[in-house]
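Chain by chain, the residues run as shown.
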Amino acid sequence: MPKYFCGVDGGGTSCRARIVDENGQLLGEAKTGSANILLGVELAMDNIQSAIALAAEQAGISDLSTLSVGMALAAAEQKSAWMAFMALPHPYYHVTLNTDGYGACMGAFSGENGAIVIAGTGSVGIYLENGQQHILGGREFPISDQGGGAVMGLRLIQQTLLAHDGLRPASALSQHVLAHFDHDLDAIVSWSKTAKPRDYGQFSPTVFELAMQRDELAMELLQGSADDVERLILGLNRKGASQVALMGSIGERIVPWLTPATQALLVQPKADAMTGAILMAHGDHNLYPFPR
């Protein structure tokens, strides 16, 4: 039987692991790199195992087979990636895998019914109702994830190029992006060929900063992201959710840009995704059946 429980919250930018004992006492916590399994299951597993090992070292745990691990990971909804990840070897007593949205929703409502929208590097809406999941969006950048930092960054690059070509007014924000690439358009094009979601998302803090200074492009981009987030919130409301917790680096800052009617649906989450993942570690919360 497991003696310890570990929750892992893995997104496109970072992976966090938290270990508690049977009484829920915090023993160790650590953070490493991306754990988006669609970007490579081996890389995700390496970063997850590194985070767990660091947390276990803090906790004074040397035998990792005493850990039951709940993993709430970005892109876990992709069935082929989910299966490939779960087929990888690991030293733990038990592993259960679901999406980062599922873990966040478990934490936000202490495992009870409730809905969340995560807007971080990516985005997703999820409503847990009597054990059933209702999922909106979250199908990965660039075809989905509207309201997240990666899509905001992609739109920013597009609009910066338009400004450079004189097809829209230049602004402090577009000039910031050009300066980031030393005013070399070829460098932007080359960068775009290999840029990952977190690379696009790196511009989000500057968008918020310059929007507060009334930069036209920054305000346009923030309002577009707010509209996307609002669409997810109202979609969950139509599914039956009367309260929605808004989470993530974008979600926590975008609230003033939402309409008052949508803001009225929002509640504060009770806890974070790692707490939700620890709840997952106590049972079988696999998104898909896994052959043993």
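All figures in this text were calculated on a predicted structure; none of them were measured in a lab.

Remarks on helix 12 (residues 273-281)
Each full turn of the α-helix corresponds to 3.6 residues, which orients residues three or four apart in the same direction.
No. 1: Burial analysis of helix 12 places seven of its nine residues in the buried class, the great majority of the element.
No. 2: Listed in full, the buried residues belonging to helix 12 are Ala 273, Met 274, Gly 276, Ala 277, Ile 278, Met 280 and Ala 281.
No. 3: Capping of helix 12 at its N-terminal end is provided by Asp 272; its side-chain oxygen lies 3.3 Å from the backbone amide nitrogen of Met 274.

Describing the side chain of His 134
No. 1: By the element assignment, His 134 lies in strand 8 (residues 132-136).
No. 2: On the basis of relative accessibility, which here comes to 16%, the residue His 134 falls in the buried class.
No. 3: Excluding its chain neighbours within four sequence positions, the residues that come into contact with His 134 are Gly 125, Ile 126, Tyr 127, Glu 129 and Leu 236.

Structural notes on the sheet that holds strand 5 (residues 94-99)
No. 1: Pairing in this open sheet of five strands is mixed, and the strands run 3-2-1-4-5 from one edge to the other. For this open sheet the edge positions go to strand 3 (26-32) and strand 5, each flanked by a neighbour on one side alone. Going across the sheet, the axis of each strand differs from the next one's by a mean of 15 degrees, ignoring polarity.
No. 2: Relative to strand 2 (residues 15-21), strand 1 (residues 4-10) runs antiparallel, the two sharing seven bridges. Across the sheet, residue Cys 6 finds its bridge partner in strand 2, namely Ile 19.
No. 3: In the packing of helix 1 (residues 41-59) onto the sheet, contacts are made with strand 1, strand 2, strand 3 and strand 4 (67-73), and the angle to strand 3 comes to roughly 145 degrees.
No. 4: Packed onto the sheet, helix 3 (residues 100-108) meets strand 1, strand 4 and strand 5 and runs at close to 95 degrees relative to strand 5.

What about the sheet that holds strand 10 (residues 266-267)?
No. 1: Overall, mixed pairing links the five strands, which are arranged 8-7-6-9-10 in an open sheet. Across the chains shown, the open sheet's two edge strands, defined by having one partner strand only, are strand 8 and strand 10.
No. 2: Bridge count between strand 9 (residues 244-247) and strand 10: two bridges; the pairing is parallel. Residue pairing in the sheet places Ala 245 in a bridge with Val 267 of strand 10.
No. 3: On top of the sheet, helix 3 reaches strand 6 (114-119), strand 7 (123-129), strand 8 and strand 9; it is set at about 130 degrees to strand 6, its chief contact.

Observations regarding the pairing of strand 3
Each regular strand displays side chains that alternate between the two surfaces of the sheet.
No. 1: Two elements, strand 2 and strand 3, share six bridges in a ladder whose sense is antiparallel. The residue of strand 3 that forms the bridge with Arg 18 is Glu 29.
No. 2: Hairpin connection between strand 2 and strand 3: a loop of four residues separates the two successive antiparallel strands, and Gly 24 in this loop has a positive phi of roughly 85 degrees.

A short note on the packing of aromatic side chains
No. 1: For the structure on display, the rule yields seven aromatic pairs.
No. 2: Centroid distance Phe 181 to Phe 203: 6.4 Å. Interplanar angle 40 degrees. Geometry classified as tilted. Here Phe 203 lies in the loop between helix 7 (197-201) and helix 8 (204-211) and Phe 181 lies in the loop between helix 5 (172-180) and helix 6 (185-194), a separation of 22 residues in the sequence.
No. 3: Given the relative accessible area of 8%, Phe 181 is considered buried.
No. 4: Its relative accessible area of 3% is what places Phe 203 among the buried residues.
No. 5: Joined through ring pairs, the aromatic side chains of Phe 141, Phe 181, Trp 191, Tyr 200 and Phe 203 make up one cluster.

What to know about helix 2 (residues 79-86)
No. 1: Along helix 2, the residues classified as buried are Ala 81, Trp 82, Phe 85 and Met 86. With its buried residues spanning 130 degrees around the axis, helix 2 presents them on a single face.
No. 2: Where helix 2 is buried, its residues touch helix 1, strand 4 and strand 5.

Section: the environment of Leu 54
No. 1: Tracing the chain through its elements places Leu 54 in helix 1.
No. 2: Of the residues examined, Leu 54 reaches a relative accessible area of 40% and is grouped as partly exposed.
No. 3: Considering only alpha carbons, one finds Leu 54 and Gly 28, 26 residues apart in sequence, at a separation of 8.0 Å.
No. 4: Sequence-distant contacts of Leu 54, that is, excluding residues within four places in its chain, are made with Ala 30 and Thr 32.

Procedures and definitions
Residues numbered from 1 in each chain as written. Predicted model: local features only at pLDDT ≥ 70, side-chain atom pairs only at ≥ 80, totals over all residues. Heavy atoms only, no water. Buried < 20%, exposed > 50% of the residue type's maximum accessible area, 1.4 Å probe, protein only. Helix = DSSP H or I, 4+ residues; strand = E, 2+ residues; numbered from the N terminus. Polar contact = N/O pair within 3.5 Å; in protein donor to acceptor, adjacent residues only side chain to side chain. Contact = heavy atoms within 4.5 Å. Pairing = 2+ DSSP bridges. Axes fitted to C-alpha atoms, helices over the stretch in contact; angles between N-to-C directions. Phe/Tyr/Trp six-rings, centres within 6.5 Å; stacked < 30°, edge-to-face > 60°. Arc of directions from axis to C-beta.

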